[in-house]
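Residues per chain, in single letters:
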Amino acid sequence: PKFEDDPRSEIFLHQQSGETIKVRLRVSVAESIHGVTRTIQYPRVRHGRRETASAVVNVPANSRPGESITLHGQGSEGFVDGDLLVVIATTSEGSFRREGDTLIYNAAVDVVDMLLHMPLVINHPRGEQIKVAITDIPKVGSPYLVKGQGCVKGESDMVILFEFSESKLTREQTLLVACLLYT
């Protein structure tokens, strides 16, 4: 019988397989939405020696944190070379962070603008500018849901968390605003 057909060959191959190497690749929120190509360096064993290798990783558009990309044969050497497992980690970007396909935006909003119902203009990581009309005064830290404006347009949502910045108001105006917001 051929080596591949021998049931013992699977055991032999398993014992002689090179090590799978797991690395984390940090990408920005925008890169996770649009996709990005990166060259990474990582340690591996080849010819019995430790070396630094490099690999080109194509992160596809709409990659979620925790997803992995497998580069076959890029791990440590063996009868069958091990794989390189690249795990995607999304870093916060300014006021944005990503949780799955949901986009979280921390908005610092001027109190007077909020009272006047001025639209919130957001430079979205997708590369577009969106305007969000806030009709009710939200509570500090409470989530405000914007349907269809998450990481995948039309399919996921954005959550806005408000923080109010202080306007240049007189002491009396500040007290009036505080009475409006907290009563």
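That block above? That's the structure.
The rules we used
- Residues numbered from 1 in each chain as written.
- Predicted model: local features only at pLDDT ≥ 70, side-chain atom pairs only at ≥ 80, totals over all residues.
- Heavy atoms only, no water.
- Pairing = 2+ DSSP bridges.
- Helix = DSSP H or I, 4+ residues; strand = E, 2+ residues; numbered from the N terminus.
- Axes fitted to C-alpha atoms, helices over the stretch in contact; angles between N-to-C directions.
- Core = buried A, V, L, I, M, F, W, Y, C linked by side-chain atoms within 4.5 Å.
- Buried < 20%, exposed > 50% of the residue type's maximum accessible area, 1.4 Å probe, protein only.
- Contact = heavy atoms within 4.5 Å.
- Polar contact = N/O pair within 3.5 Å; in protein donor to acceptor, adjacent residues only side chain to side chain.
- Phe/Tyr/Trp six-rings, centres within 6.5 Å; stacked < 30°, edge-to-face > 60°.

(A) Structural context of the sheet that holds strand β5 (residues 84-91). Pairing is mixed across the open sheet formed by 3 strands, whose spatial order is β1-β5-β4. The sheet is open, and its two borders are formed by β1 (21-28) and β4 (68-71), each paired with just one other strand. Between one strand axis and the next, the sheet turns through 30 degrees on average, direction left out of account. Two strands pair when backbone bridges link them, and β1 and β5 are joined in this way by 8 bridges, in the parallel orientation. For Ile 21, the partnering residue across the bridge sits in β5 and is Leu 84.

(B) Local environment of the nonpolar core. The biggest cluster of nonpolar side chains holds 18 residues, and the ones touching the most others in it are Tyr 105, Leu 120, Ile 122, Val 132, Met 158, Ile 160 and Phe 162. Elements with a contribution of two residues or more to this core: α2 (29-34), β7 (102-110), β8 (120-123), β9 (129-132) and β11 (158-165). The greatest single-element share of this core, amounting to 4 residues, is contributed by β7. Filtering out sequence-adjacent residues up to four positions away, Tyr 105 remains in contact with Ser 95, Phe 96, Leu 120, Ile 122, Met 158, Val 159, Ile 160 and Leu 161. Grouped together as the second largest cluster of nonpolar side chains are 16 residues, Ile 40, Val 59, Leu 71 and Val 86 included.

(C) Region of the structure containing the side chain of Ser 156. Along the chain, Ser 156 falls in the loop between β10 (143-146) and β11. Residue classification places Ser 156 among the buried residues on the basis of a relative accessible area of 6%. At 3.1 Å, the side chain of Ser 156 and the backbone nitrogen of Cys 151 are in polar contact. Ser 156 has contacts with Asp 101, Lys 147, Gly 148, Gln 149, Gly 150 and Cys 151, leaving out every residue within four places of it along the chain.

(D) Quick look at the side chain of Arg 46. Along the chain, Arg 46 turns up in strand β2 (residues 36-46). Residue class for Arg 46 comes out buried when judged on its relative accessible area of 13%. Looking at Arg 46, its side chain comes within polar contact range of the side chain of Asp 81, at 3.2 Å. Not counting residues up to four positions away in its chain, the partners in contact with Arg 46 are Glu 51, Gly 73, Gln 74, Gly 75, Ser 76, Glu 77 and Asp 81.

(E) Quick look at the environment of Asn 58. Along the chain, Asn 58 turns up in strand β3 (residues 49-59). Placed 20 residues apart in sequence, Asn 58 and Arg 38 show a C-alpha to C-alpha distance of 6.6 Å. Leave out the neighbours within four places in its chain, and Asn 58 touches Val 36, Thr 37 and Ile 69. A distance of 2.8 Å separates polar atoms of two side chains, one belonging to Asn 58 and the other to Thr 37.

(F) Broad picture of the packing of aromatic side chains. This model, assessed by the stated rule, comprises 2 aromatic pairs. Considering the side-chain rings of Phe 96 and Tyr 105, the 4.7 Å spacing of their centres and the 35 degrees angle between planes classify their relative orientation as tilted. On the basis of relative accessible area, Phe 96 is assigned to the buried category, the value being 9%. The exposure class of Tyr 105 is buried, given its relative accessible area of 13%.

Just geometry here; none of it tells us what the structure is for.
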